[in-house]
Amino acid sequence: MSDNLIFGAEVFLNGLMAGVLYALVALGFVLIYKASGIFNYAQGVMALFAAATLVGIMKGQVPFSHLINAIFGTDLHYFGWHLPAIAGILLTAAVMVVLAWLVQKFVFRHLVGQEPIILFMATIGLAYFLEGVSDLMWGSEIKKLDVGLPQGASFWLEENTQWLGFGNENFYGFFIDKLDMVATAIAAILVLSLVIFSQYTKQGRAMRAVADDHQAALSVGINLNFIWVMVWSLAGFVALVAGIMWGTKSGVQFSLSLIALKALPVLMLGGFTSIPGAIVGGLIIGVGEKLFEFSVGSLVGGATENWFAYVLALIFLVFRPQGLFGEKIIERV
Amino acid sequence: MNDMSTEGYTTEDGRKIGGTLMEMKNITLSFGGVKAITDISFDIKEGEIRAIIGPNGAGKSSMLNVISGFYIPQQGEVWYKGEKRPQMKPYEVARLGIARTFQNIALFDGMSVLDNVMTGRLNHMTTGLFAQGLWKGKAEAEEVENREKAEKIIDFLEIQAIRKTPVSRLPYGLKKRVELARALAAEPSLLLLDEPMAGMNVEEKEDMSRFILDVNDEFGTTIALIEHDMGVVMDLSDRVVVMDYGKKIGDGTPDEVRNNQAVIDAYLGVSHD
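Quick caveat: nothing in here was measured; it's all calculated off a predicted structure. (Residues numbered from 1 in each chain as written. Chains lettered and ligands numbered in written order. Predicted model: local features only at pLDDT ≥ 70, side-chain atom pairs only at ≥ 80, totals over all residues.)

(A) Local environment of the overall build of chain B. Scanning chain B from N- to C-terminus turns up 10 helices and 12 strands. With respect to the three principal axes, the spread of C-alpha positions in chain B is 65 × 40 × 40 Å. Out of the 273 residues belonging to chain B, those deemed buried represent 41%. Contacts in chain B between residues far apart in sequence, at least 24 positions, make up 68% of those at least 6 positions apart. (Helix = DSSP H or I, 4+ residues; strand = E, 2+ residues; numbered from the N terminus. Buried ≥ 20, exposed ≤ 12 C-beta atoms within 10 Å, placed from the backbone. Contact = placed C-beta atoms within 7 Å.)

Right under this line is the structure:
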C-alpha cells in the first residue's frame, strides 16, 4: 500500500478520536438547548471549572485559599490529603449539581419566558463569572490532571496493525493515543445512557415535555425548576467528562474554556437539538479538519485546523440550516 | 338549587351527583388595579358537569386559572375534598388530581399523540430512574400498565388512527381532542376544560360534546368547563355559574339560569351603569 493511503488512514482514525472530544463538548450544549432553549455559552467554562475543581479536590487544595489568607492573614494552602480519582470525580459531580442549582435559583428562574437572546447574554455573563470563580477558588496556574487514564501510544494496536502495510517498510502500525480510545468508549457510553434516559424514563419524558411547552408541562404535574436543575446538572456532568479528557490531554488551563468555540461548528453541522447529531457532527469536524490539514494544509501554508471547521459549518448552513439531524424547519403559509 | 349544602342530588336524566368536591369561597383576583374576579363563591359536586359561562372578558378563564393554580387570588379560599387548599404551584395542583386543557391548545408539538398522552401519566410512575432505564421488573410492569391506560383513552376518544402522528401535523379539532386525552390520562378527580369548543365547526362541536358526556358517564369524572357559546353549554351541563364583569350573576340549573333576568341582560347587552 502506498504511504499516502496509509498515513491518510491514520489521520482519519486520529480525526475520529479528536472528533469524539469535540462531540463531548457539543453534547453539553445540546442537552441544555433541548430542555430550555438556552444556548449555553458557559459550557466550555463549565468544563474548565469542573476540571480545576477535580484537580483541587484530589490535591486537597483549600478553595479560595488566596482570598482567605489575604483577609485573615493565615497561611492555608492544603488540607493535607490526597483523594483517589474516583472519590474526586464523585465529589466534583456533586459540586456540579450544586452549581446547577445555584445557576437555576439565582439566574434562570428569574428569566423564565425571556427572549432567547437575553438568556444567551446571561450565559455569557455566567461564563465570565464562573471563570473568575474558578481562578479564585483554585488558582489560575496550569494544572496537571491525572485520574489514572492510560496515555501515550497503544503499542498493542501498533503491533497488531502492522500487517496492514502489506510489506511497506515505512509503516509501523497505526499510532493512536490510548486516551483517545478511552474517550471514545466513554463518549459512547455517555451518549447511549443519555438517549435511554431521555426516551425511556419518566424524568427524560418530563425533560422533553418542558422543552416543548412550559404551561402544558405544568398542567401535567411537572416541576419546571426540578427539571431545569436536573438538566444543568447533566450538562455539568458532561462538562466534567469533557474537562477530564481535555485536561488530561493538555493540562487544566484557561484555553480549556475555548473548546466551547470548537463545539459551535459541530452544533451547526449536527443540529442544536439532536444528541446523535452532536456525535456525528463532532466526528465529521474531527475527521474533516485532520484530513484537510493532511491533504491540502501543506499547499496553503498549514494551520487550516483553525478555520476549517467554521468554513465547513458555513457551507452546511447554506444548504441545510437545521443541521444534519435537527428538527426540520417548516414554515406554514 | 343555589344552596351551599354538601348534599348530592339527582339530575333530570337520573344520574346521582355526590357531595362537594371543590368549593371556591369569596375569590377575588386582580391584576394591578384591574379586578378580574370580585368576591365569587360556588361549588363543584362530585360527578357533575359544571359550566362557567359569561360574555368575553367576564373572568371565566381567570377563574379556571385560579382553580388550577396558575393564578393566585388576592382573597378567598379554595377548598378541595373537604380541606382548605394551601397556596400551590400549578404542578402541585396537577398532582392533586386536577387536570386541565387550555384555550389555546398547549400540546408537546415535538411528540407523537401517544407520547403526549403518556405525559399525562407521569404522576403515575413511581419506579426508580435506573430501573426505568434498564426497563426491568417493576418498571416494566408499570410502563406496560401506563401504556394500556393511555391506549384505552386513545381508543375511547377515537384517535387510534393518529396515535403515532406528531401532533404538530394535526388539524385544530383533533389537537383539542388529543389535549383532552392527555388530561384524561392522568385519571383526574376534577377535569377543567377551558373553552373546549372554541374555534370549532358545528360537527366538531357535536363530537366534542359527545366526548365530554361520555367521559363523565364512563369514568364518572367531575368536569368543570368554560364556554361562551351558551347553546352548547345548556345542553351539556348539570349546573351553570354565570359571570359578567368579574361578578357572579347567576348560578343554577340551565333552566333556572336561562330565565334569570340578570343573565338575559348580560347576554343581550344592557348598558352597565
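Read on, since the account is not over.
(B) Representation of the overall build of chain A in the model. Scanning chain A for helices and strands turns up 13 helices and 0 strands. In terms of C-alpha radius of gyration, chain A reaches 22 Å, essentially the compact-globule figure of 20 Å for 333 residues. Taking the intrachain contacts of chain A between residues at least 6 apart in sequence as the baseline, contacts between residues at least 24 apart amount to 74%. (Rg over C-alpha atoms; globule rule 2.2 N^0.38 Å.)

(C) Quick peek at the nonpolar core. Residues and elements named next belong to chain A. Ala23, Leu24, Ala26, Ala47, Ala51, Ile222 and Val231 are the most contacted members of the largest nonpolar core, which totals 164 residues. Looking at this core, the element that brings in the most residues is helix α10 (residues 224-250), giving 18 residues. Not counting residues within four places of it along the chain, the set of residues in contact with Leu24 comprises Ala187, Val238, Val241, Ala242 and Met245. (Core = buried A, V, L, I, M, F, W, Y, C linked by C-beta atoms within 7 Å.)

(D) Quick peek at the interface of chain B and chain A. Across the boundary between the two partners, chain B contributes 25 residues, which contact 21 residues of chain A. Secondary structure elements with two or more residues in the side of chain B that touches chain A: α2 (90-95), α3 (113-119) and α4 (129-134) of chain B. In terms of residues, the side of chain B that touches chain A owes the most to one element, α2(B), which gives 4 residues. The residue makeup of the side of chain B that touches chain A, split by class, is 14 nonpolar, 7 polar and 4 charged. (Nonpolar A, V, L, I, M, F, W, Y, C, P; charged D, E, K, R; others polar.)

(E) A look at the confidence of the model for chain A. Confidence in the prediction for chain A averages 85 pLDDT; 95% of positions are at 70 or higher. Here helix α6 (residues 155-161) of chain A stands out as the element of chain A with the lowest mean pLDDT, 75, in contrast to helix α4 (residues 85-106) of chain A, whose mean of 94 is the highest. (pLDDT = per-residue confidence, 0-100.)

(F) Fine view of unusual backbone geometry. The phi angle at Phe64(A) is positive, at roughly 55°, despite the residue not being glycine. Its location among the elements puts Phe64(A) in the loop between α2 (43-59) and α3 (65-72). Judged by the 15 C-beta atoms lying within 10 Å of it, Phe64(A) is partly exposed. Notably, Glu158(B) is not glycine yet its phi reads approximately 55°, a positive angle. Mapping Glu158(B) onto the fold places it in the loop between α5 (137-156) and α6 (172-185).

(G) How the structure looks around the sheet that holds strand β4 (residues 34-45) of chain B. Residue and element names in this part refer to chain B. Judged by pairing direction, the sheet is antiparallel, and its 4 strands sit side by side in the order β4-β3-β6-β7 without closing on themselves. Edge positions in the sheet fall to β4 and β7 (83-84), since each of these pairs with one other strand and no more. Sheet analysis places strand β3 (residues 20-31) next to β4, joined by 8 bridges and oriented antiparallel. When the bridges of β4 are listed, Ile27 appears paired with Ile40. Of the strands in this sheet, β3 and β4 touch helix α1 (residues 60-67), which is tilted by about 60° from β4. (Pairing = 2+ DSSP bridges. Axes fitted to C-alpha atoms, helices over the stretch in contact; angles between N-to-C directions.)

(H) Just the environment of Val232(B), in detail. All names here are of chain B. Its place among the elements puts Val232 in helix α8 (residues 230-236). Accessibility expressed as a C-beta count within 10 Å gives 21 for Val232, which makes it buried. Residues Val232 and Lys205, spaced 27 residues apart in sequence, show a C-alpha to C-alpha distance of 8.2 Å. In contact with Val232, not counting residues within four places along its chain, are Met197, Lys205, Ser209 and Glu227.

(I) View of the environment of Ile124(A). Residue and element names in this part refer to chain A. Tracing the sequence through the fold places Ile124 in helix α5 (residues 116-138). With 13 C-beta atoms packed within 10 Å, Ile124 lands in the partly exposed category. Put simply, Ile124 and Thr184 are 60 residues apart on the chain and 29 Å apart in space, counted from C-alpha to C-alpha.

(J) Region of interest: the pairing of strand β9 (residues 190-194) of chain B. Residues and elements named next belong to chain B. Counted residue by residue, β9 has 5 buried out of 5 residues, so it is predominantly covered. Side chains of β9 alternate between two faces, with Leu190, Leu192 and Asp194 and Leu191 and Leu193 buried alike. In this structure, strand β8 (residues 98-100) lies alongside β9, joined through 3 bridges in parallel fashion. By the bridge assignment for β9, Ile98 is matched with Leu190. Sheet topology note: the β9/strand β10 (residues 222-227) ladder contains 5 bridges and is parallel. Bridging from a neighbouring strand, Leu191 pairs with Ile223 of β10.

(K) View of the sheet that holds β10(B). Residues and elements named next belong to chain B. If you trace the 6 strands from one edge of the open sheet to the other, you get β8-β9-β10-β5-β11-β12, paired in mixed fashion. Each edge of the sheet is formed by a strand with only one pairing partner; in this case those strands are β8 and β12 (247-252). Neighbour-to-neighbour, the strand axes of this sheet turn through a mean angle of 15°, independent of strand direction. Bridge count for strand β11 (residues 239-244) against β12 is 5 bridges, and the pairing is antiparallel. For Val241, the partnering residue across the bridge sits in β12 and is Asp251.

(L) Molecular detail of α6(B). Residues and elements named next belong to chain B. Taking 1.5 Å as the rise per residue, α6 with 14 residues should run 20 Å; its terminal C-alpha atoms sit 20 Å apart, in good agreement. Summarising burial for α6: 11 of the 14 residues are buried, a large majority. For α6, the elements touching its buried residues are β8, α3, α5, β9 and α7 (202-219). Backbone geometry just after α6 places Glu187 at a positive phi near 50°. (Expected span 1.5 Å × (residues − 1).)

(M) Just the environment of Ala183(A), in detail. All names here are of chain A. Residue position: Ala183 is located in helix α7 (residues 178-200). For the pair Ala183 and Thr92, spaced 91 residues apart in the sequence, the C-alpha separation amounts to 19 Å. Excluding its chain neighbours within four sequence positions, the residues that come into contact with Ala183 are Met17, Val20, Leu21 and Met245.

(N) Representation of the packing of helix α8 (residues 202-212) of chain A against α10(A) within the structure. Residues and elements named next belong to chain A. Interaxial distance between α8 and α10 falls to 10 Å at its minimum, and their mutual angle equals 105°. Considering the angle they form, α8 stands roughly perpendicular to α10. For the pair α8 and α10, the contacting residues are Gln203, Ala206, Met207 and Val210 in the first and Leu224, Ile227, Met230 and Val231 in the second. Its residues assigned to classes, the contact of α8 with α10 comprises 7 nonpolar, 1 polar and no charged. (Parallel < 35°, antiparallel > 145°, perpendicular 65-115°, else oblique.)

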